[in-house]
Amino acid sequence: MIKVDYIGKQNGEIFDLTDEETAEEEGLDTESMNFDPINVLLGENFVIPGLEEALMDMEVGEEKEIEIPAEKAYGNRDSDNMETFPEKAFEEQGVQVRPGEQLMIGGQRGRVVSKGSGRVRIDFNHPLAGKDLEYWVKIVEKVEDDEKIAQGILNNRLGHGELEFDGDTVTVVHQHDHEGHSHSLNEDFKEKMREEIIEYTDFEEVNFEE
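Caption draft 1: View of the sheet that holds strand S10 (residues 162–166). Pairing within the open sheet is mixed, and its three strands lie in the order S10-S11-S14. Only two strands of the sheet have a single partner each, and these edge strands are S10 and strand S14 (205–209). On average, adjacent strands in this sheet sit at an angle of 25 degrees to one another, irrespective of strand direction. Across the sheet, helix H4 (residues 146–157) lies against S10 and strand S11 (169–173), angled at about 150 degrees from S10, the strand it touches most. Contacting S11 and S14, helix H5 (residues 187–200) runs over the sheet at an angle of about 145 degrees to S14.

Caption draft 2: Examining the packing of H4 against H5 more closely. One can describe the packing of H4 onto H5 by two numbers: an axis separation of 10 Å at closest approach and a directional angle of 155 degrees. Considered as vectors, H4 and H5 are oriented roughly antiparallel to each other. The hand of the H4/H5 crossing is right-handed. Along the contact surface, H4 presents Asp146, Ile149, Ala150, Ile153, Leu154 and Arg157, while H5 presents Phe189, Lys192, Met193, Glu196, Ile197 and Tyr200.

Caption draft 3: Unusual backbone geometry, seen in detail. One non-glycine residue, Asn11, adopts positive backbone phi at about 55 degrees. Mapped onto the elements of the fold, Asn11 is located in the loop between strand S1 (2–10) and strand S2 (13–17). Even without a glycine there, the phi angle at Ser117 is positive, about 55 degrees. Tracing the backbone shows Ser117 in the loop between strand S7 (108–116) and strand S8 (119–123). Relative accessible area serves as the criterion here: at 76%, Ser117 is assigned to the exposed category.

So, how was this worked out
- In this convention, every chain numbers its residues from 1, walking through the sequence in written order.
- Where totals are concerned, whole chains, interfaces and linings use all residues; where local detail is concerned, this predicted model gives features only for residues with pLDDT of at least 70, and gives and counts side-chain atom pairs only at 80 or more.
- To obtain the side-chain values, all non-hydrogen atoms of the structure were included, while hydrogens and water were left out.
- Here, a strand pair is defined by DSSP locating no fewer than two bridges between the strands.
- Secondary structure elements follow DSSP: runs of H or I of four or more residues count as helices, runs of E of two or more count as strands, with numbering from the N terminus.
- Fitting a line to C-alpha atoms yields each axis, with helices limited to the stretch in contact; the angle taken between N-to-C directions then spans 0 to 180 degrees.
- In what follows, residue pairs with any heavy atoms lying within 4.5 Å of each other are defined as contacts.
- Angles are sorted into four bins: roughly parallel if under 35 degrees, roughly antiparallel if over 145, roughly perpendicular if 65 to 115, and oblique for all others.
- For any pair of crossing helices, the crossing counts as left-handed if the nearer helix is rotated counterclockwise from the farther one by less than a right angle, and right-handed if it is rotated clockwise.
- Each residue is placed in one exposure class: buried if its accessible area under a 1.4 Å probe, protein chains only, is under 20% of its type's maximum, exposed if it is over 50%, and partly exposed if it falls in between.

Set out below in structure tokens:
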């Protein structure tokens, strides 16, 4: 696992970064941003394909500017990722939808494109789909501590939760409630995380506590 600093741009405009100095120079709202380097487990799709290819050939301390075509970034826009839902379905759940808002539906994040005639049109394409990107990247550290690697996998795959360590065993403590509803991890997700932790660390068992 490696830690990476980066600045991502589309058509010269910054869309994401971990460089606080650049963020301040650009007048971005730094109070709401996280400037920690990201954890990248090479070969496990932690980042977009074009970025991963570049990182594969880099050493710790090296920095590089790269251009990534859409097909190696977030892919081309796909009309099959546009779906229409009855507005009534949202009203029954007490959800007021407005054009431009983002919603989570069936585990997918989509943007409300339009609403009218009792229908809601939602775009599930990534906001950067169909766009060529530019990145400045720097590998700042190689992570070799097993607990830090496991934590990095958790942060990337889940984004929240805690890990408990006991000898050769890791326990993922996941307690996530949102607006009174509890969300459990599906078995495929658990198995993927379990496989990654065991493959890239010396831990032999991964349990889940929910």
